[in-house]
Amino acid sequence: MKDAVIIGAGPAGLSAALYILRAGFSATVIGTDNSSLKMAEKIENYFGLEEPISGETLLERGRNQVITLGGAFIEEEVVGISWNGNFSTDTNNQTIDSKVIILATGAPRNKVKIPHLSELEGKGVSYCAVCDAFFYRGKDVAVLGNGEYALHEAQELLPMASHVTILTNGLEPQVDFPEDMNVIKTPIRQLNGNTSLEEVVFDDDSTLTVSGLFVALGTANGSDLAKKLGLLLENDKIIVDDSMATALPGVFAAGDCIGGILQVSTAVGEGAKAGISAIKFLREQKKKTLS
Ligand SMILES: Cc1cc2nc3c(=O)[nH]c(=O)nc-3n(C[C@H](O)[C@H](O)[C@H](O)COP(=O)(O)OP(=O)(O)OC[C@H]3O[C@@H](n4cnc5c(N)ncnc54)[C@H](O)[C@@H]3O)c2cc1C
């Protein structure tokens, strides 16, 4: 059992890890290689930089700092998360248990514009298989996506739904989907349904009748993971209080995934706050188990 699992290896997640490690707790940072900071050619508005440096270099320095303090890194994609007294984080390869979770997943980027998708949200269009699979018992459903996250969501649905179809919307599959899942690669033109989703219409005029469409594009973002924990969102951003705590004790969030000013300095500050709040939570938990 880890003390803290931090999802996100950008400035917010790394900053939280620094505090947690220096307080004597263990921290495992899980992140893929797509921090926004890596895309920044030059950073010159962050404290202490006499000369501008590339985002990639700044990120590398932060990462090395965490490694020096004994932090563990897992370069895998997080596809699921659950709570059963402690937290279980599923990557595409393993499950990691922890007492605390910090969501530092950056700004969501996996938006898709399909006519009628947003109107049918909550009426057949879902963003969380583990939350909603039960409502689709014995029904035909589809998963929109082409990678590990789509595969994970489809596997959650398989035991419940009558049939699961993968819709890649014109993209090539990035993973091997099981043979019992039909994969349709044709781009989607629109969704149809009056009071709830009825069919998907493709660019070649073909249609697929489904009761549910689960959106799992690219990598699961912070709001996807937050929904799996039943956390509240506003405009797709995770809601936190002043101490970066979410409504679920032991879960904190920081950086671009909570919105606000999307800058390195804010991500670092919020990551520090989330780390300090996590330390407080871990210390209180330790006291309870000792008494
Ligand atoms: C082109 C560009 C230029 C910029 N220039 C500046 C600038 O000059 N100055 C400045 O202050 N800010 C700049 N920014 C903004 C700054 O980069 C971000 O505000 C900052 O990186 C946010 O940090 P974060 O830790 O919240 O998120 P990010 O840095 O985006 O990190 C998110 C982390 O979460 C991981 N992640 C997400 N989902 C998953 C998942 N399912 N499984 C595993 N890992 C996951 C990602 O791999 C990544 O490691 C720029 C941004 C861009 C895009």
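Residues numbered from 1 in each chain as written. Predicted model: local features only at pLDDT ≥ 70, side-chain atom pairs only at ≥ 80, totals over all residues. Heavy atoms only, no water.

Bringing the site of the ligand into the picture now. Residues in contact with the ligand amount to 31 residues; listed here are only the nearest, Thr32, Asn34, Ser35, Val78 and Ala220. In this structure, an oxygen atom belonging to the ligand sits 3.0 Å away from a main-chain N or O atom of Ser36. Here an oxygen atom of the ligand sits 3.5 Å away from a polar atom, N or O, in the main chain of Ala104. Protein contact buries 86% of the 1,000 Å² of open area that the ligand shows by itself. Applying the majority rule of atoms within 2 Å of the grid points places the ligand in the largest pocket. Put simply, the parts of the chain that give the shell around the ligand at least two residues each are α1 (11–22), α2 (36–39) and α7 (264–290). (Near = heavy atom within 4 Å. Polar contact = N/O pair within 3.5 Å; in protein donor to acceptor, adjacent residues only side chain to side chain. Areas by Shrake-Rupley, 256 points an atom, 1.4 Å probe, with all protein chains shown as cover. 1 Å grid on protein atoms, 1.4 Å probe; cavity = no way out; pocket = protein on both sides within 12 Å on 5 of 7 lines; lining within 4 Å. Sits in = over half its atoms within 2 Å of the grid points. Helix = DSSP H or I, 4+ residues; strand = E, 2+ residues; numbered from the N terminus.)

Let us now look at the side chain of Ser98. Examined against the element boundaries, Ser98 turns out to sit in strand β6 (residues 95–103). In this structure the side chain of Ser98 is engaged in a polar contact, spanning 3.0 Å, whose partner is the backbone oxygen of Val100. Setting aside residues up to four positions removed in sequence, Ser98 forms contacts with Met1, Lys2, Asp3, Ala4, Val5, Asn86 and Phe87. (Contact = heavy atoms within 4.5 Å.)

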